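One letter stands for each residue in the lines below.
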Amino acid sequence: MMRIDFMGKKKIWFAISGAIVLVGMLSLATRGLNLSIDFNSGSRLVISFNRDTTVDEVRDAAGKAGHSDAVVQTIGESRYQVTLPALSTEEETAVVSAMDGSIGVNEKSWKSVGPTFGRQVVNSMLKAIIISWLIIIFYVSLRFEYKYAMATIAALVHDLAITVGVYSITGREVTTATVAAVLTILGYSLYDTIIVFDRVRENAPLARRGGYAEMVNESIWEVMARSIITTLLTLMPVICLLLFGGQTLKDFAFALLVGILSGAYSSIFVAAPLLTLWKERETRFRQVTKGGKGGGKTEAVKAR
Amino acid sequence: MTDKQKNVLILVVMLILVAVSIVIIYPPGEKTKLGLDLQGGLEVILEAQGDVSGDKMDQAEMVVRNRVDKLGVSEPAINRQGTNQISVGLAGVKNVEEAMTLIGKTALLEFKKVDPDMTQQLVTGTMTPDKLPANKQILTQTQRDEKGETVRDENGQPVTTPVVVDREPLMTGDALDSASVGYDQFNKPKVDMTFTAEGQKKFAEVTEKLATAGAITGKVSQMAIVLDDEIVSAPTVKDKINSDKAEITGNIPLKEVQNVVLVLQTGALPVELTTVDKNEISATLGKDSLNQGLFAGMIGLALVMIFLLVYYRLLGVVADLALIIYGLLFYAALTNPWLTVTLTLPGIAGMILTVGVAADANVVIFERIKEEISAGKTIRSAVNSGYTKGFKTILDANTVTVITALVIFMVATAGVKGFALTLMIGVVISMFTAVVATRAMLALLADFRFFNNPTLMGIKPPKKEGVKE
């Protein structure tokens, strides 16, 4: 089997990650994020009618109620979603009765968020990210050592940047559900990294012989099957959710999908090389690396 | 106790747990408490304006609770959120608009003196609102037709008349002892109010002053009865009224009379509450969301089980069995009669994610076992060391997931809490089913000869040279 030299080609992986992150950040700077009413305040109506209708007709009906700025979309088979600025309950009733008059309303659901609430949501999410990251650094430092923790966090930041970038590029709406999913999936990406690092820690004594990079390579190969299978297994239900779930579940699933893929990639191609880079600077490993067989570590691995 | 006895014991415990779970779950689907997003309903978050003390919030919560009780909704959920918010969850509300008005109404009742001259000037346009003296204010009174219905213009907006009143109230709702629905001689509904002893004295004083002022100026004195800055009625006062009773009349529909009585009875809110978040979910949307989520979850679970079976063969059978047990225990945990867990839409997402987590624990261990067998160990010892080494990894990884979920649970908004909760429940249960239970099963299976065939586990026979150094 052809073996990829994960550590030797780290510049390539860093370049790939860097490019993806850069494109994402450029998009973020120019296009921004499509924030839902959860963050911006507004009212959103999900409605179904007694007869077949069109987006235009729904928009006209909203216009009659004085809301020509309504954004109308179809969701699912028979439902329409109408996004409006924040309305009072009376105004909401007026919109629905206008639609009932012209089309005939079957059932309706409203969600409306005031501006202060959106800010609270953002704040609580930021708080959650910071607290959980601090605890994770602490935990990983306790179980491993702080260099592992820092590499883990670097992979996390990478995953977060990629996820945010994907949301900006695709223009997919960011909801509170999305943010929660991203948060958890960061935890899950960590899970991947920890499994790789766990093996690295176990194999660390071997580094004295073949060099740190080679030991990390070997460790990654050992957990490779598990990484691929796990990623597949986790993706299966998530993809089902993306295909068959309703609106909110789709929001969750998309964020989970991006996070799982990015997490599986980053644990091998970001966290492990970073750890290697850092560890090789330690004297005990540096000497091994320098004193390695002739052509250095890359060749040594190929020769196996 | 030998290892074998220990494993048998673990399996017996597992079987008992499964049996208990089935008892808890049965009949399926009926006992699980569904969130409003899955069964439909109204969820409102009210926020107090300005600086508020905990005392005032306690009072406000009580007032809101009383009002919700009067709505007659079964099992309302009223909770404090943060320092200045109250969340209200109501399942199966028919008239959302009415519920919203009732819950959030400040119900500040005031009696104010009408200024007939300035009102006249304002209506005729000889005075503009910006010329109004600081001690006066403009309030509005909604126009009603003969049936008591609100008159609306062509845009559906209610038609109102402006009235100028003194900013300083003559008296307030504190003077009220009770309120009830009454009927006048034409059988039209009205609001009957009873004053406290002190309130009666004050009312007599105020009406006397108004009557005297009317007699001096030769104009009829009007007293506006103002509820939340809206004039409900503005009766004329000709004489001093020394009575503990007063009424609000004026062609008001019964429904509205009842609402006014209700808010007067439950008392005024000590703080102004505004709606910052409102979720109204129709029962059909909720049901659809639930069905879609469960369908997606079932398909996902089935795919995972098929994969495990194909890839790990006999080990896969064990893992699938563990997944089924996991599903049962998880369902029972959601339905348990002791600690209420509400299943929400985000909760379903968390639940589905845990299927992956549960399966992953087995993958980590099985890959270890395969490695150990490839390195030339016997199956029995490979199973043993696979679990010992795998467990540490799984513990670390799951701890981190639980930490993240816990933080989200503590910090995040209500909707997202459900996601974190099911994720935590799932991870903890999966540690038990995927690790402890499968280990006992495999250890017992290892006693059978047929088990000692690596191909049954999807493993190639051990290589002679060995992969590990």
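Residues numbered from 1 in each chain as written. Chains lettered and ligands numbered in written order. Predicted model: local features only at pLDDT ≥ 70, side-chain atom pairs only at ≥ 80, totals over all residues.

Caption draft 1: The overall build of chain B, seen in detail. The secondary structure content of chain B amounts to eleven helices and 16 strands. In terms of overall dimensions, chain B has a C-alpha envelope of 120 × 40 × 40 Å along the principal axes. Considering chain B as a whole, with its 469 residues, one finds that 42% of them fall into the buried category. By sequence separation, contacts in chain B at least 24 residues apart represent 74% of the contacts at least 6 residues apart. (Helix = DSSP H or I, 4+ residues; strand = E, 2+ residues; numbered from the N terminus. Buried ≥ 20, exposed ≤ 12 C-beta atoms within 10 Å, placed from the backbone. Contact = placed C-beta atoms within 7 Å.)

Caption draft 2: Representation of the overall build of chain A within the structure. If you tally the helices and strands in chain A, you get twelve helices and six strands. With respect to the three principal axes, the spread of C-alpha positions in chain A is 85 × 40 × 30 Å. Contacts spanning at least 24 positions in sequence make up 80% of the contacts within chain A whose residues lie at least 6 apart.

Caption draft 3: Representation of the interface of chain B and chain A. Each partner contributes to the interface: chain B provides 63 residues, whereas chain A provides 58 residues. It is helix 8 (residues 283-335) of chain B that contributes the most residues to the side of chain B that touches chain A, 15 residues altogether. A class-by-class count of the residues in the side of chain B that touches chain A yields 33 nonpolar, 19 polar and eleven charged. (Nonpolar A, V, L, I, M, F, W, Y, C, P; charged D, E, K, R; others polar.)

Caption draft 4: Structural context of the domain arrangement of chain A. Entries for chain A in the domain assignment read domain 1 (10-36 + 117-302) and domain 2 (42-113). Using C-alpha coordinates to define each centre, domain 1 of chain A is positioned 42 Å away from domain 2 of chain A. (Domains from an automatic or database assignment.)

Caption draft 5: Molecular detail of the packing of helix 7 (residues 176-203) of chain A against helix 9 (residues 212-244) of chain A. Residues and elements named next belong to chain A. Relative orientation of the contacting elements helix 7 and helix 9 amounts to 135°, with a least axis distance of 9 Å. Relative to helix 9, the element helix 7 lies oblique. Judged by the twist between their axes, the crossing of helix 7 over helix 9 is right-handed. Within the contact between the two elements, helix 7 uses Asp192, Ile195, Val196, Arg199, Val200 and Asn203 and helix 9 uses Met215, Val216, Glu218, Ser219, Ile220, Glu222, Val223, Arg226 and Ser227. Residues that form the contact of helix 7 with helix 9 fall into these classes: seven nonpolar, three polar and five charged. (Axes fitted to C-alpha atoms, helices over the stretch in contact; angles between N-to-C directions. Parallel < 35°, antiparallel > 145°, perpendicular 65-115°, else oblique. Left-handed = near helix turned anticlockwise from the far one by under 90°.)

Caption draft 6: Just the confidence of the model for chain A, in detail. Averaged over all residues, the pLDDT of chain A is 83; the fraction at 70 or higher stands at 92%. Every residue in residues 290-304 of chain A is under pLDDT 50, and counting partners more than four places away or in other chains gives 18 contacts. (pLDDT = per-residue confidence, 0-100.)

Caption draft 7: The arrangement of the domain arrangement of chain B in detail. Taken domain by domain, chain B consists of domain 1 (3-35 + 282-457) and domain 2 (41-280). Taking only C-alpha atoms into account, the centre of domain 1 of chain B sits 57 Å from that of domain 2 of chain B.

Caption draft 8: Structural view of the nonpolar core. With 219 residues, the main nonpolar core has Leu241 and Leu256 of chain A together with Ile408 of chain B as its most contacted residues. Sort the elements by how many residues they give to this core and helix 8 of chain B lands first, with 20 residues. With residues up to four places along the chain from it excluded, the contact list for Ile408 of chain B reads Ala128, Ala180, Leu183 and Thr184 of chain A together with Val416 and Ala420 of chain B. (Core = buried A, V, L, I, M, F, W, Y, C linked by C-beta atoms within 7 Å.)

Caption draft 9: Region of the structure containing the environment of Gly211 of chain A. Residue and element names in this part refer to chain A. Locating Gly211 in the fold gives a position in the loop between helix 8 (207-210) and helix 9. With 27 C-beta atoms counted inside 10 Å, the residue Gly211 sits in the buried group. Spatially, the C-alpha atom of Gly211 lies 24 Å from that of Val140, the residues being 71 residues apart in sequence.

Caption draft 10: Representation of the environment of Asn398 of chain B in the model. Mapped onto the elements of the fold, Asn398 of chain B is located in helix 10 (residues 379-411). Here Asn398 of chain B falls in the buried class, since 22 other C-beta atoms lie within 10 Å of it.

Caption draft 11: The environment of Glu61 of chain B, seen in detail. Residues and elements named next belong to chain B. Tracing the sequence through the fold places Glu61 in helix 3 (residues 54-71). The spatial distance from the C-alpha of Glu61 to the C-alpha of Leu269 is 8.8 Å, given a sequence separation of 208 residues. Discounting residues that sit within four places of it in the chain, Glu61 has contacts with Ile78, Arg80 and Ile86.

Caption draft 12: Structural detail: helix 7 of chain A. Over its 28 residues, helix 7 of chain A extends 41 Å from the first C-alpha to the last, a length consistent with the 40 Å expected when each residue adds 1.5 Å. Taking burial as the measure, the 28 residues of helix 7 of chain A include 25 buried ones, the bulk of the element. (Expected span 1.5 Å × (residues − 1).)

Caption draft 13: Examining the sheet that holds strand 14 (residues 245-248) of chain B more closely. All names here are of chain B. Read across the sheet, three strands follow the order 9-10-14 without closing on themselves; strand pairing throughout is antiparallel. With one partner strand each, in any of the chains shown, strand 9 (176-183) and strand 14 form the two edges of the open sheet. On average, adjacent strands in this sheet sit at an angle of 25° to one another, irrespective of strand direction. Here strand 10 (residues 189-195) runs beside strand 14; their pairing, made up of four bridges, is antiparallel. Each residue of the ladder has a partner; that of Val191, found in strand 14, is Ile248. Sheet contacts for helix 6 (residues 197-217): strand 9, strand 10 and strand 14; angle to strand 10, the most-contacted strand, approximately 110°. Sheet strands in contact with helix 7 (residues 254-266) are strand 9 and strand 10, and its direction is about 165° off that of strand 9. (Pairing = 2+ DSSP bridges.)

Caption draft 14: Main features of the confidence of the model for chain B. Residue and element names in this part refer to chain B. For chain B, mean pLDDT is 84; residues scoring 70 or higher make up 97% of the total. The low-confidence segment residues 464-469 (pLDDT under 50) makes five contacts with residues lying over four places distant or belonging to another chain. Interface predicted TM-score (ipTM) for the complex: 0.82; the corresponding pTM is 0.76.

Caption draft 15: Representation of the sheet that holds strand 5 (residues 105-113) of chain A within the structure. Spatially, the eight strands line up as an open sheet ordered 3(A)-4(A)-2(A)-5(A)-15(B)-2(B)-4(B)-3(B), and their pairing is antiparallel. Two strands lie at the open edges of the sheet, namely strand 3 (71-75) of chain A together with strand 3 (77-81) of chain B, each paired on one side alone. Here the average twist between neighbouring strands, direction ignored, is 20°. Here six bridges tie strand 2 (residues 42-49) of chain A to strand 4 (residues 79-84) of chain A, and the two strands are oriented antiparallel to one another. From the neighbouring strand, Ser43 of chain A faces strand 4 of chain A, where its bridge partner is Leu84 of chain A. Along the sheet, helix 4 (residues 89-102) of chain A contacts strand 2 and strand 5 of chain A; its crossing angle with strand 5 of chain A, the most-contacted strand, is approximately 155°.

Caption draft 16: Inspection of the pairing of strand 3 of chain B at higher detail. Sheet topology note: the strand 3 of chain B/strand 4 (residues 85-91) of chain B ladder contains five bridges and is antiparallel. Across the sheet, Arg80 of chain B pairs through a bridge with Ile86 of chain B, a residue of strand 4 of chain B.

Caption draft 17: Broad picture of unusual backbone geometry. All names here are of chain B. In the segment running from Tyr26 into Pro27, the intervening peptide bond is cis, with an omega of -5°. Along the chain, Pro27 falls in the loop between helix 1 (3-25) and strand 1 (33-34). A positive phi angle, close to 65°, is found at Asn187, a residue other than glycine. Tracing the chain through its elements places Asn187 in the loop between strand 9 and strand 10. Despite not being glycine, Asp228 shows a phi value in the positive range, around 50°. Structurally, the position occupied by Asp228 is in the loop between strand 11 (221-227) and strand 12 (230-233).

Caption draft 18: Geometry of the packing of helix 3 (residues 55-64) of chain A against helix 4 of chain A. Residue and element names in this part refer to chain A. Where helix 3 meets helix 4, the axes come as close as 8 Å, and the angle between the chain directions of the two elements is 125°. As judged from the angle between their axes, helix 3 and helix 4 are oblique. Of the two elements, helix 3 crosses helix 4, and the hand of that crossing is right-handed. Residue-level inspection shows Val58, Ala61, Ala62 and Lys64 of helix 3 in contact with helix 4, the latter providing Val95, Ala98, Met99 and Ser102. Of the residues contributing to the contact of helix 3 with helix 4, the split by class is six nonpolar, one polar and one charged.

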